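# Architecture at a glance
So you can see what is in the structure, the chains are spelled out below.
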Amino acid sequence: MTASVGLTEEQKEFQKVAFDFAAKEMAPYMAEWDEKEIFPVETMRKASQLGFGGIYVQPDVGGSGLSRLDTSIIFEALSTGCVSTTAYMSIQNMCAWMIDTFGSQEQRHKYCPSLCSMEKLASYCLTEPGSGSDAASLLTTAKRKGDAYVLNGSKAFISGGGDADVYVVMCRTGGSGPKGISCMVVEKGTPGLSFGKKEKKMGWCSQPTRAVIFEDCAVPVANRVGEEGQGFNIAMKGLNGGRINIASCSLGAAHACILLARDHLKVRKQFGEILASSQYLQFRLAEMATRLVASRLMVRNAARALQENREDAVALCSMAKLFATDECFAICNQALQMHGGYGYLKDYTVQQFVRDIRVHQILEGTNEVMRMIIARSLLQA
């Protein structure tokens, strides 16, 4: 079940660094961050000193310049320490990558170094109260007035909302549909930018989630990333990587839960025998490990396809996100079941993994939308 099979020596090295960081700097505090809703910014900045703030951002602006596969390996390892915190770091990485890839040289050098160091935090603003899966129908407008765009509208469920310094916002500069959407960087403190209340969530409690609201919010034209009308394309390209990242976070949770279940089965006695001697539970544990390895292979295969810019990359990213988030949630849920009543207590870590990864089947495109994307790619072939 080892997560390092087939990796290069260099990949094994940074995987070990990530596992060690998760064990020492995240896992001991995971429950407290969850219970007290602490956003562990200093811990994330420590992780960024290891190169985890801009993993696939180019080195000339402070990134690590690693591949999508490398990124997946790192996020899987970090998630064994805290899924919610790692998932926010994956969003930070995605925002930095979008500016690095589609931004001008001025934008890259202005924003990426402080995002890669996590001195500044970023939020990705696509979803709206009325457009989740149907992102192309978003209503937030950006009307050009001289050397500025004036934004009006609101975004919902924004990770880091209110706490982040930089907002990568998809807004409508043109007509309806995807071709009317552009991408803007809006900085915290811009007049007309405000935030809703902090949402109370089932999981992902170590990162704040708020609505982001624009009321006659004037943003310089220089803050537009790419050309007018390129925003939807930028958003979708970001999400392909985001799907790999979030699937990788699910792998880490499943990996941790299998170890928790194994250790519990070895010590818990029922009917005069330890649970590990039950063939039924042995078989369930074997199935969990098999499903994890299958999920990991799918995610890493999709990561390679995305890195190589293969034409099947979008479908493979969707397949990996669908399969891994479904399977890994089932693994974590089964691990909770194996703990019996103890699994439902907050003293036991397994319940937090279950709560934290449930949302992975919803965000970065719901798993129903993943099925649509996969079916479309098959039918158009």
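Residues numbered from 1 in each chain as written. Predicted model: local features only at pLDDT ≥ 70, side-chain atom pairs only at ≥ 80, totals over all residues. Heavy atoms only, no water.

### Quick look at the pattern of salt bridges
As enumerated under the stated definition, the model contains 23 salt bridges in all. Its salt-bridge partner being lysine 155, residue glutamate 128 comes within 2.9 Å of it at the nearest N-O pair. Highlighted residues: glutamate 128 in the loop between strand 1 (122-125) and strand 2 (141-145) and lysine 155 in strand 3 (residues 148-159), separated in sequence by 27 residues. With respect to class, glutamate 128 is no different from lysine 155; both count as buried. Between aspartate 263 and arginine 262 there is a salt bridge, with the nearest N and O atoms lying 3.1 Å from each other. The exposure class of aspartate 263 is partly exposed, given its relative accessible area of 39%. (Salt bridge = Lys/Arg side-chain N within 4 Å of Asp/Glu carboxyl O. Helix = DSSP H or I, 4+ residues; strand = E, 2+ residues; numbered from the N terminus. Buried < 20%, exposed > 50% of the residue type's maximum accessible area, 1.4 Å probe, protein only.)

### Details of the pairing of strand 3
Along a regular strand, successive side chains alternate from one face of the sheet to the other. Here 5 bridges tie strand 2 to strand 3, and the two strands are oriented antiparallel to one another. Each bridged residue has a counterpart across the sheet, and for threonine 141 the counterpart in strand 3 is asparagine 152. Of the strand pairs in this sheet, strand 3 and strand 7 (residues 209-220) are connected by 9 bridges, and their pairing is antiparallel. The partner of lysine 155 across the bridge, within strand 7, is valine 212. (Pairing = 2+ DSSP bridges.)

### Quick notes on the packing of aromatic side chains
With the rule as written, the count across this model stands at 6 aromatic pairs. Ring plane angle 25 degrees and centroid distance 6.0 Å describe the contact between tyrosine 29 and tryptophan 33, whose orientation is recorded as stacked. Under the relative-accessibility criterion, tryptophan 33 is labelled buried at 6%. Aromatic pair tyrosine 56 and tryptophan 97: ring centres 6.2 Å apart, planes at 40 degrees, arrangement tilted. Pair noted here: tyrosine 56 is in the loop between helix 3 (41-49) and helix 4 (68-79) and tryptophan 97 is in helix 5 (residues 83-102), with a separation of 41 residues, a long-range link. Looking at tyrosine 56, the relative accessible area reads 7%, which means it is buried. The buried category is assigned to tryptophan 97, whose relative accessible area is 11%. Through a chain of ring-to-ring contacts, three or more aromatic side chains come together here, namely Tyr56, Trp97 and Phe102. Taking the ring centre of tryptophan 97 as reference, the NZ or CZ of arginine 68 above it sits at 4.7 Å. One residue, arginine 358, lies across the ring of phenylalanine 329, its end atom 5.7 Å from the ring centre. (Phe/Tyr/Trp six-rings, centres within 6.5 Å; stacked < 30°, edge-to-face > 60°. Lys NZ or Arg CZ within 6 Å of the ring centre and 35° of its normal.)

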